Amino acid sequence: MELLLLSWPFELLGRFHPLLVHFPIGLLIGTFLLEGWTRFRRKESHMAGMVYLGALTAVMAAVMGGLLLASGTYTGELINVHQFTGYLTAGLATITAGLYFQRSKIASWIPFSSLGLSCLVLAIAGHFGASITHGADYLSAVLPTNKIPARDAGLMESLSAFAEGDEIPLDQLDRLNLEVRAIFAHNCYQCHSSEKQKGDLALDTKKGVFAGGESGPILEAGNAEHSELIRRLTIDRSDEDAMPPKGKSLSREEIELIRLWIDRGAHWADKSLKVFREAELALHKPPLPEAPASIVHPVDRFVNHYFAEQGVKWPELIDDRTFIRRAYLDITGLLPSPAAVKGFIADQSSEKRAHLIAALLSDKQNYALHWLSFWNDLLRNDYSGPGYITGGRKQITDWLYTALIEEKPYNKMVAELVNPGPDSEGFIKGIQWRGEINASQRTELQAAQNVSQSLLGLNLKCASCHNSFVNNLTLDQAYGFASIFAEAPLQIYRCDKPTERMAQAAFLFPQLGEVNGDSLKERLAQLAAVMVQPDNGRLYRTIVNRFWDKLLGRGIVAPVDEMDNIPWSQDLLDWLASDFIEKGYDFRQLLTQIMTSRAYQLPAVAYPSPTYLLSNTFVFKGPALRRLTAEQMVDAFSQTITPLYQSVAYDPESRSMEAEWIWHPQEEVDRKVLPYPGTRLFRKTFSLERGKQLVAAQALITADHSFQLSLNGKIISAGKDWREVQKLDFPIDLFSTENLIAVKGTNDGLIPNPAGLLFQLRLQYADSTQQLISSDRSWKSTADTLAQNWTTLAYDDREWTAVERQGRFQKSYWGALLRFRFESDTIHPAFARAGLVQQDDFMKTLARPTRENVATQRDQEATLLQALMLTNSKFFHENIARGARQWLEKSGDEPGALVEALYWKALGRSPTRKERKRLLQELEGLPDPRGLEDIIWALVLLPEFQFI
């Protein structure tokens, strides 16, 4: 694989293929038509220039198409045919251009015929291209013979059959009425319902339909031809009376269905209308399908049955190198070490993949740190953002991390989320937005919306303003559910307007049990008991589906927040959910069940588009090709090149630290402001404990942006990168009874920005006691950089100012620095895991959500902003440069060994001979790091690094 040809600029260039391809289409076909007209008029042609330009753009489009195909975005037989016809078009267009150049020497019909042939092949290529993006029936779907009816074709046939009879059974009349009401719901309720009666017409109730509107009755039972409803549906769309006035008009089949209903007496069924599909609530474990003896795994038996129905053959499983990388990233979020990859490949055990999965799941720490991001997205939990500053939002990070480490069963997690204690109440507490807010964003409604979406795969947001247009939920149901979380009764608001009606507390699925306690505490306890019972199949199908989506790139139901959609295998979904319950609601068991299957171990498939992945025409053929998440990308870079982050917003060890970030106070107009750039001086005097022998002294220090440290007038150390904590051993003979720590700190920048100094000195005495001297508000500072002898104990600092605290160790702008500790770090041996780091522009650009709302799926598509950031980001390239320097320091002047080690670290393999040759050419200038920087940049942007 050529290293540079697969880098992102060429992939980006390939994505211009759909734009450029229209040029040869217009030029060549337009030229052919004009040339034909010219020949018909027997006039001289002057079209050669357009042919040349058409041929050039055809070749360019073919090249870009090849680059797009090389990116791995598209696969399948259809793309191969499109590629062949596209290349054939470019070749024929080039031949045609050559013939037009020589047209004075050959018969005129030859170049014209060649042009016609080029246009014919171009049209075929265009058809296949449209089929890839719009479906194989892109052209044929509009033909009358292929048009899909608005309602089920079988229903239309049965309705046509009994339309000719004299008597229709009552159940068929009910069915006919419900179909008509469904048409009204999909097309008319937005303007004509009990909530919004445009023209005084409501079509969602029997009374409203038969009462009509301000223009009178809309139908005459038994006589469709004299019914105003039919007239308005069939008149020309330009008429002001035409309905619906905007959007798509009703199809011929839908109008005929309404006409038939009226002619048959406009019967109104007593049954409630269910416009949208609703998944069955109860959960039943289906039997395992029959399968060949070679297919033993339960998941594979269901997939095998599905493959047989779809005509899909089982692909070969992925190789060991691909599997170990996939398993590591999915369980721990980390890349396997070179030693782990080599050992796994060498292992001849038939059970080694299952053993690997078990070993990775036993690494509780890395499992928790990786899956924390999944749960943070799902439960709208983060380390910063709206609500935290004002106290109107509360973290659940500590509760969540503990739940993952302690392997808390899912039913207990859910119970503690909806009936929370102090540590888990942040999920239903929601964000208390400042200022005026929409009624649907009250904290009680946020709780109802978040519980519905996160735990039940149900969209309640639409129904929080009005009766939903995307499912069967009503405004009353939404407010009824929200009332469970309310201290006092809630008045129902429709589209932010009061209805003067009060909501009654009720669970969305009352058949599971009542939630109507008199107090908030009682209702939450009832809700927890009702939700986690095994009969609530929706709860367990939803979480199982989310894990399948996380591991295989597409849920059994898609999107994962719409669990009423049809799954591609209902039996597989139900079996996994039932098995999850039987195995004690254990996520590690669920991961094992999925990851040990052949289905998980199939090659990644580049499905045609994200739209196709979410469509009901999706056919499962294997895991979808997935990009590394923002956190996986950051951690992989940190493992391979250099740590991107050195501090965390949440410290799993919850270390207490006396040291505080301090700086010289900056005030303007009697208020504190961000520090101005410049140098500030700091002093701290202290005494040794009397009567004790000092045996050791160690110090930790860092400053944003740089510092110079002195002890009793002697310069000890200096630093210029706050991320690099210095751990210093002080000579004992420098100390006396009275001592002075002096620090010169400099804040760089062009405008005011955060600045801080963090320091701690540990003095150890012969009797094993310790004394700590920490940066705190007892220190003094000044902005007078001209002070003389200020590093000596004799200097008079009475005119200096008490410092200002810029933040506690963990709760500060800089977070908890992992290396700011005297002991070795057992939790974070190498770098800060990205899942613990506060959101920043780098990870936000890589699609990490802000978590102001529940985020259950991240964008997998590369964006222009990502391309610009990875090309021009100062943060990214500074770390590439630092990583290059560190790699050179470790490897010395052995470029061959460097390339080998780098490839094993990043990709889990040796470079190919072609790659090695090319890379060694880049490294000829060692120890100049610039060649290595380019290699690192290209390497981490390779699809092989970026995709799972």
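Since the model is a prediction, treat every value here as computed from it, not as a measurement.

Brief notes about the overall build of the protein chain
And step 1. Helices and strands together make up the secondary structure of the protein chain, namely 34 helices and 18 strands.
And step 2. If one aligns the C-alpha atoms of the protein chain with their principal axes, the spans along those axes are about 115 × 95 × 70 Å.
And step 3. Buried positions account for 51% of the 948 residues belonging to the protein chain.
And step 4. Restricting to contacts in the protein chain with at least 6 residues of sequence separation, those with at least 24 account for 69%.

Some words on a nonpolar patch on the surface
And step 1. A surface patch of nonpolar side chains, about 260 Å² in accessible area, is lined by Leu 53, Leu 56 and Met 60.
And step 2. Relative to the helices and strands, Met 60 is located in helix H4 (residues 48–70).
And step 3. Owing to a relative accessible area of 36%, Met 60 belongs among the partly exposed residues under this scheme.

Comments concerning the pattern of salt bridges
And step 1. Counted according to the given criterion, the structure contains 44 salt bridges.
And step 2. Across the pair Arg 805 and Glu 660 runs a salt bridge, and its minimum N-O distance is 3.3 Å. Placement of the pair is Arg 805 in strand E17 (residues 804–808) and Glu 660 in strand E4 (residues 660–663), with a sequence separation of 145 residues.
And step 3. The shortest N-O distance in the salt bridge between Glu 804 and Lys 672 comes to 3.1 Å. Pair noted here: Glu 804 is in strand E17 and Lys 672 is in strand E6 (residues 671–672), with a separation of 132 residues, a long-range link.
And step 4. Of the residues examined, Glu 804 reaches a relative accessible area of 13% and is grouped as buried.
And step 5. Among the residues examined, Lys 672 registers a relative accessible area of 55% and is labelled exposed.

A look at the confidence of the model for the protein chain
And step 1. Of the residues in the protein chain, 91% have a pLDDT of 70 or more, and the chain-wide mean is 86.
And step 2. Low pLDDT (under 50) marks residues 141–155, which in the prediction has 15 contacts with non-local residues, meaning those over four places away or in another chain.

Some thoughts on helix H21 (residues 475–483)
And step 1. Counting buried residues in H21 gives seven out of nine residues, a clear majority hidden from the surface.
And step 2. For H21, every residue scored as buried is listed here: Leu 475, Ala 478, Tyr 479, Gly 480, Phe 481, Ala 482 and Ser 483.
And step 3. The secondary structure elements touched by the buried residues of H21 are helix H20 (443–456), strand E1 (491–494) and helix H22 (520–532).

Let's talk about the packing of aromatic side chains
And step 1. The tally for this structure, following the rule as stated, stands at 46 aromatic pairs.
And step 2. Consider the rings of Trp 371 and Phe 547, whose centres lie 4.7 Å apart with planes at 10°: the pair is stacked. Of the two residues, Trp 371 sits in helix H16 (residues 364–378) while Phe 547 sits in helix H23 (residues 537–552), which places them 176 residues apart along the sequence.
And step 3. When the centroid spacing of 5.6 Å and the interplanar angle of 35° are considered together, the rings of Tyr 645 and Phe 875 count as tilted.

A closer look at the sheet that holds strand E16 (residues 801–802)
And step 1. Read from one edge of the open sheet, six strands run E10-E9-E12-E7-E15-E16, paired in antiparallel fashion. Of all the strands in the sheet, the pair left with one neighbour each is strand E10 (714–719) and E16.
And step 2. Across six bridges, the pairing between strand E9 (residues 706–711) and strand E12 (residues 738–747) is antiparallel. Bridge assignment links Phe 707 to a residue of E12, and that residue is Gly 745.

Some thoughts on the nonpolar core
And step 1. Formed by 174 residues in total, the largest nonpolar core has its most connected members in Trp 375, Tyr 410, Trp 548 and Phe 620.
And step 2. Among the nonpolar cores identified, the runner-up in size contains 27 residues, and Ile 701, Ala 755, Leu 757 and Leu 761 belong to it.

Digging into the environment of Thr 542
And step 1. Note that Thr 542 resides in helix H23.
And step 2. For the pair formed by Thr 542 and Met 563, sequence separation is 21 residues and the distance between their alpha carbons is 6.8 Å.
And step 3. In contact with Thr 542, not counting residues within four places along its chain, are Ser 454, Leu 455, Leu 456, Gly 457 and Met 563.
And step 4. In terms of polar contacts, Thr 542 uses its side chain to reach the backbone carbonyl oxygen of Arg 538, at 2.6 Å.

A word on the side chain of Arg 541
And step 1. Along the polypeptide, Arg 541 turns up in helix H23.
And step 2. A distance of 2.5 Å separates the side chain of Arg 541 from the backbone oxygen of Ala 282, its partner in a polar contact.
And step 3. Polar contacts involving the side chain of Arg 541 include one to the side chain of Asp 574, which spans 2.7 Å.
And step 4. Excluding residues within four positions of it along the chain, Arg 541 makes contact with Glu 280, Leu 281, Ala 282, Leu 283, Met 563, Gln 570, Leu 573, Asp 574 and Ala 577.

As for the side chain of Glu 631
And step 1. You can see Glu 631 is positioned in helix H27 (residues 630–640).
And step 2. Judged by relative accessible area, Glu 631 falls into the buried class, the value being 5%.
And step 3. Here the side chain of Glu 631 touches Arg 858 through a polar contact of 2.6 Å, side chain to side chain.
And step 4. Ignoring any residue separated from it by four or fewer positions in sequence, one finds Glu 631 in contact with Ser 373, Ala 834, Gly 835, Arg 848, Arg 851 and Arg 858.

Regarding the pairing of E10
And step 1. Bridge count between E9 and E10: five bridges; the pairing is antiparallel. Its bridge partner being in E10, Leu 711 is matched across the sheet by Lys 714.

A word on the packing of H20 against H23
And step 1. Running from N to C, H20 and H23 point in directions that differ by 65°, and their axes come no closer than 8 Å. The segment H20 lies against H23, with Gln 453, Ser 454, Leu 455 and Leu 456 engaging Arg 538, Leu 539, Thr 542 and Arg 546.
And step 2. For the contact of H20 with H23, the residue count by class is three nonpolar, three polar and two charged.

A short note on the packing of helix H29 (residues 864–872) against helix H30 (residues 874–891)
And step 1. One way to put it is that H29 packs onto H30 with a least axis distance of 6 Å and a crossing angle of 40°. Relative to H30, the element H29 lies oblique. Here Leu 870, Thr 871 and Asn 872 of H29 lie close against H30, whose contacting residues are Lys 874, Phe 876 and His 877.

Rules behind the numbers
Residues numbered from 1 in each chain as written. Predicted model: local features only at pLDDT ≥ 70, side-chain atom pairs only at ≥ 80, totals over all residues. Heavy atoms only, no water. Helix = DSSP H or I, 4+ residues; strand = E, 2+ residues; numbered from the N terminus. Buried < 20%, exposed > 50% of the residue type's maximum accessible area, 1.4 Å probe, protein only. Contact = heavy atoms within 4.5 Å. Patch = residues over 30% accessible without salt bridge, like charges linked within 9 Å, V, L, I, M, F, W, Y side chains within 5 Å. Areas by Shrake-Rupley, 256 points an atom, 1.4 Å probe, with all protein chains shown as cover. Salt bridge = Lys/Arg side-chain N within 4 Å of Asp/Glu carboxyl O. pLDDT = per-residue confidence, 0-100. Phe/Tyr/Trp six-rings, centres within 6.5 Å; stacked < 30°, edge-to-face > 60°. Pairing = 2+ DSSP bridges. Core = buried A, V, L, I, M, F, W, Y, C linked by side-chain atoms within 4.5 Å. Polar contact = N/O pair within 3.5 Å; in protein donor to acceptor, adjacent residues only side chain to side chain. Axes fitted to C-alpha atoms, helices over the stretch in contact; angles between N-to-C directions. Nonpolar A, V, L, I, M, F, W, Y, C, P; charged D, E, K, R; others polar. Parallel < 35°, antiparallel > 145°, perpendicular 65-115°, else oblique.

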